[in-house]
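# Descriptive analysis of the structure
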Amino acid sequence: MAMLTLRISDDLNERLDQMAMRSGRTKTYFVTKLIREGLADLEDHILAEQAVAEYLAAGGKDQPTYTLEEVLRGIEKGRVANSTKPTSKKPNKRPRPKK
């Protein structure tokens, strides 16, 4: 397991101390939870930005669009794919230099 050192304000440290004391959990628990949830939100945001960029790069043409109601109906009927990977055609890894 990795260790991370960071500086936070005295106010944030006090708030973490209070949460830890009130809940019986550690400050590490709360910081880890915040990082995990914050990263998930950032990942969602980045994937959404990539999807919009791809849509706009394609000129918005021949790209399916759905209303919120259609998406929700599809989810209820189990018709929406569970995909977290962007559809970008860019390679995920940089090519290695040839020897």
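The structure we're discussing is the one just above.
A short tour of the structure in this document, coming up. What you see is a predicted model, and the numbers here were worked out from it, not measured in a lab. (Residues numbered from 1 in each chain as written. Predicted model: local features only at pLDDT ≥ 70, side-chain atom pairs only at ≥ 80, totals over all residues. Heavy atoms only, no water.)

Turning next to the overall build of the chain. Counting its secondary structure elements, the chain contains three helices and zero strands. The order of helices and strands in the chain, counted from the N terminus, is α-α-α. Taken across its 99 residues, the chain has 4% of its residues classed as buried. Approximately 10000 Å² of the chain is accessible, and the part contributed by carbon and sulfur atoms is 56%. (Helix = DSSP H or I, 4+ residues; strand = E, 2+ residues; numbered from the N terminus. Buried < 20%, exposed > 50% of the residue type's maximum accessible area, 1.4 Å probe, protein only. Areas by Shrake-Rupley, 256 points an atom, 1.4 Å probe, with all protein chains shown as cover.)

For the rest of this paragraph, the subject is the pattern of salt bridges. Applying the stated criterion across every chain yields a total of two salt bridges. One salt bridge connects D17 with K27, and the closest N-O pair in it is separated by 3.2 Å. With D17 in helix α1 (residues 10–23) and K27 in helix α2 (residues 27–57), this pair connects stretches of sequence that are ten residues apart. (Salt bridge = Lys/Arg side-chain N within 4 Å of Asp/Glu carboxyl O.)

A grouping of L4, L6, I8, L12, I35, L39 and L42 is seen on the molecular surface, where their side chains present a nonpolar patch of about 640 Å² in accessible area. Among the elements that make up the nonpolar patch, the one with the highest residue count is α2 (three residues). As for its position among the elements, I8 is in the segment before α1. For I8, a relative accessible area of 35% puts it in the partly exposed group. (Patch = residues over 30% accessible without salt bridge, like charges linked within 9 Å, V, L, I, M, F, W, Y side chains within 5 Å.)

So, on to the packing of α1 against α2. Each packed pair of helices is defined by two parameters, the angle between the axes and the distance between the axes. One way to put it is that α1 packs onto α2 with a least axis distance of 8 Å and a crossing angle of 110 degrees. One element, α1, and the other, α2, form an angle in the roughly perpendicular class. Taken as a pair, α1 and α2 cross one another with a handedness that is right-handed. Residues N13, L16, D17, M19, A20 and S23 of α1 touch α2, and the partners they reach there are K27, F30 and V31. Broken down by class, the residue content of the contact of α1 with α2 amounts to five nonpolar, two polar and two charged. (Axes fitted to C-alpha atoms, helices over the stretch in contact; angles between N-to-C directions. Parallel < 35°, antiparallel > 145°, perpendicular 65-115°, else oblique. Left-handed = near helix turned anticlockwise from the far one by under 90°. Contact = heavy atoms within 4.5 Å. Nonpolar A, V, L, I, M, F, W, Y, C, P; charged D, E, K, R; others polar.)

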